[in-house]
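Architecture at a glance
Read off the chains here:
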Amino acid sequence: MGTSITVLKRIKPPLRWYPTVGDATNQFLDDKSRDPNGPTRDELTSGDNSTLQEAVRILGRCLPPSDPPTKETGIVVGYVQSGKTLSFETVISLARDNRYGLVVVLVGTKNNLRDQSEERLKKDLGIQDGDNWHHFGNPGLPKRQQITDRIAAWQRAPERKKAVLVTVLKHGTHLDNLAKLLQKLSLSQVP
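Below is a short write-up of the structure. (Residues numbered from 1 in each chain as written. Predicted model: local features only at pLDDT ≥ 70, side-chain atom pairs only at ≥ 80, totals over all residues. Heavy atoms only, no water.)

Take the packing of helix H4 (residues 84–97) against helix H5 (residues 111–125) next. Axis angle and axis distance: for two packed helices, these are the angle between their axes and the distance between the axes, and together they describe the pair. Across the interface, H4 lies against H5 with an axial gap of 11 Å and an inter-helix angle of 50°. Between H4 and H5, the angle is such that the two are oblique. Two packed elements cross with a definite hand, and for H4 against H5 that hand is right-handed. Between H4, through Thr85, Leu86, Phe88, Glu89, Ile92 and Ser93, and H5, the contact on the second element is made entirely by Arg120, Leu121, Asp124 and Leu125. Considered class by class, the residues forming the contact of H4 with H5 number 5 nonpolar, 2 polar and 3 charged. (Axes fitted to C-alpha atoms, helices over the stretch in contact; angles between N-to-C directions. Helix = DSSP H or I, 4+ residues; strand = E, 2+ residues; numbered from the N terminus. Parallel < 35°, antiparallel > 145°, perpendicular 65-115°, else oblique. Left-handed = near helix turned anticlockwise from the far one by under 90°. Contact = heavy atoms within 4.5 Å. Nonpolar A, V, L, I, M, F, W, Y, C, P; charged D, E, K, R; others polar.)

Take the pairing of strand S3 (residues 163–168) next. Counted residue by residue, S3 has 6 buried out of 6 residues, so it is predominantly covered. The alternating pattern of S3 places Ala163, Leu165 and Thr167 and Val164, Val166 and Val168 on opposite faces, both of which are buried. Across 5 bridges, the pairing between strand S2 (residues 133–137) and S3 is parallel. From the neighbouring strand, His134 faces S3, where its bridge partner is Val164. (Buried < 20%, exposed > 50% of the residue type's maximum accessible area, 1.4 Å probe, protein only. Pairing = 2+ DSSP bridges.)

This part is about the side chain of Arg57. Looking at where Arg57 falls in the secondary structure, it is placed in helix H3 (residues 51–60). A distance of 2.6 Å separates a polar atom in the side chain of Arg57 from a polar atom in the side chain of Glu54. Beyond its immediate sequence surroundings of up to four residues, Arg57 is in contact with Leu15, Asp48 and Asn49. (Polar contact = N/O pair within 3.5 Å; in protein donor to acceptor, adjacent residues only side chain to side chain.)

Now for the side chain of Thr90. Among the structural elements, Thr90 can be located in helix H4. Separated by 2.7 Å, the side chain of Thr90 and the backbone oxygen of Leu86 make a polar contact. The residues touching Thr90, leaving out its near neighbours within four places in the chain, are Phe28, Leu29, Thr51, Leu52 and Ala55.

The tally for this structure, following the rule as stated, stands at 1 aromatic pair. Their ring planes at 35° and their centres at 6.3 Å tell us that Trp17 and Tyr100 sit as a pair that is tilted. Remark: Tyr100 occurs in the loop between H4 and strand S1 (102–106) and Trp17 occurs in the segment before helix H1 (23–33); sequence separation between them is 83 residues. Its relative accessible area of 14% is what places Trp17 among the buried residues. (Phe/Tyr/Trp six-rings, centres within 6.5 Å; stacked < 30°, edge-to-face > 60°.)

Here is the structure:
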């Protein structure tokens, strides 16, 4: 017997909390609005259907960073060429501003798509030269100590230290490796 999925188009659960827009999000939106081919700052931030308000609604329906951990999963799905990357980058920036210490992004099913997504994240979020993120691509148990050290530093000063951003290919082996890694990390106090 198969599993059924119901798409709920009209149901909009209320926000559990209201994410704060801080330096990481403002910097990201400022940088995106400087792109001559991209949206203006006003298009990104004004109105109920703006990228920023949609990101606030997405993160605001997630578990608040101050709540104890639970086993709960949500998923956001978008159409091809619908602005998914801009949306999830805005959500990631909001997560940083609201003291999430670990963000996992599932990026593509092929290495070239993963590489493309990782390059865009590095560029758009300033991963290589910025103050917000340590990036790990397709990490497994050998990266455990590095990630543990980065998370420990973040826990000591979440407003000043870099959080951890993990990108992982949507393949069973990579997802299994990530699951094993996450099980070995002490994450009970890390949103």
